[in-house]
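Structure at a glance
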Amino acid sequence: NAGVTQTPKFRILKIGQSMTLQCTQDMNHNYMYWYRQDPGMGLKLIYYSVGAGITDKGEVPNGYNVSRSTTEDFPLRLELAAPSQTSVYFCASSFPEEETQYFGPGTRLLVL
Amino acid sequence: GQSLEQPSEVTAVEGAIVQINCTYQTSGFYGLSWYQQHDGGAPTFLSYNGLDGLEETGRFSSFLSRSDSYGYLLLQELQMKDSASYFCAVKVGNFNKFYFGSGTKLNVKP
């Protein structure tokens, strides 16, 4: 099992550009999450999904969009990148009946 | 809204015991988790307390008091590899939705 994989590992974007952060899990988890972590801070929930076709906003959804067409994939879309979106983005997944969240390695995003 | 407080930094020596506290204010509280994160790495799950009391997993223990809105992580027999950031996170609602604290950086010295 690869667990939770994320691509790319690192990306530099110019202000106003768009990109999609990819997240895939091979553990057949129903629940998936996107977090952002600013330097020296905790994780903030951006969006989460309880199954294919079902998504909901977290604490900081503005500037982001998500979709969940399959159990395995949960991409995060940035439409108009802003410097405030410079952060490390973590994808995670879990079973509904377990509290353990399994995190991917993260994507470091720099918006200049 | 949700509010979690934990110390920003703790220093201890190898072999010692350290306690990292977490106090929270939240609505819809279900439980408290702890995660470890090494510099440049991803968070990894340590423990979850859904009920009051102590949960022990090897050198790590976690405690919850729902009436005091308080929990702690206890690390025993500290090792250099325990140097990392530790985050408490409250579970809110029934969909494994978690809100994280800002983290406590643990420095273990020889």
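Residues numbered from 1 in each chain as written. Chains lettered and ligands numbered in written order. Predicted model: local features only at pLDDT ≥ 70, side-chain atom pairs only at ≥ 80, totals over all residues. Heavy atoms only, no water.

A closer look at the interface of chain A and chain B
If you look at the interface, chain A gives 25 residues, while chain B gives 19 residues. Summed over both partners, the interface of chain A with chain B comes to about 1,800 Å²; 57% of that surface belongs to carbon and sulfur atoms. Of all residues in chain A, Leu43(A), Glu99(A) and Phe103(A) give up the largest surface area on contact with chain B, accounting jointly for 30% of the area buried on that side. Seen at the junction of chain A and chain B, the total is one salt bridge. Lys91(B) serves as the salt-bridge partner of Glu99(A), at 3.2 Å between the closest nitrogen and oxygen. (Contact = heavy atoms within 4.5 Å. Buried area = accessible area lost by both parts, 1.4 Å probe. Salt bridge = Lys/Arg side-chain N within 4 Å of Asp/Glu carboxyl O.)

Description of a nonpolar patch on the surface
Residues and elements named next belong to chain A. On the surface, a cluster of nonpolar side chains totalling about 330 Å² of accessible area is made up of Phe-10, Ile-12 and Leu-112. With respect to the element layout, Ile-12 can be found in strand E2 (residues 10-13). For Ile-12, a relative accessible area of 47% translates into the label partly exposed. (Patch = residues over 30% accessible without salt bridge, like charges linked within 9 Å, V, L, I, M, F, W, Y side chains within 5 Å. Areas by Shrake-Rupley, 256 points an atom, 1.4 Å probe, with all protein chains shown as cover. Helix = DSSP H or I, 4+ residues; strand = E, 2+ residues; numbered from the N terminus. Buried < 20%, exposed > 50% of the residue type's maximum accessible area, 1.4 Å probe, protein only.)

Here's the deal with unusual backbone geometry
Between Thr7(A) and the following residue, Pro8(A), the backbone shows a cis peptide bond with an omega angle of -5°. Of note, Pro8(A) is situated in the loop between strand E1 (4-7) and E2. Even without being glycine, Ser69(B) reaches a positive phi, approximately 50°. Along the polypeptide, Ser69(B) turns up in the loop between strand E7 (60-65) and strand E8 (70-75).

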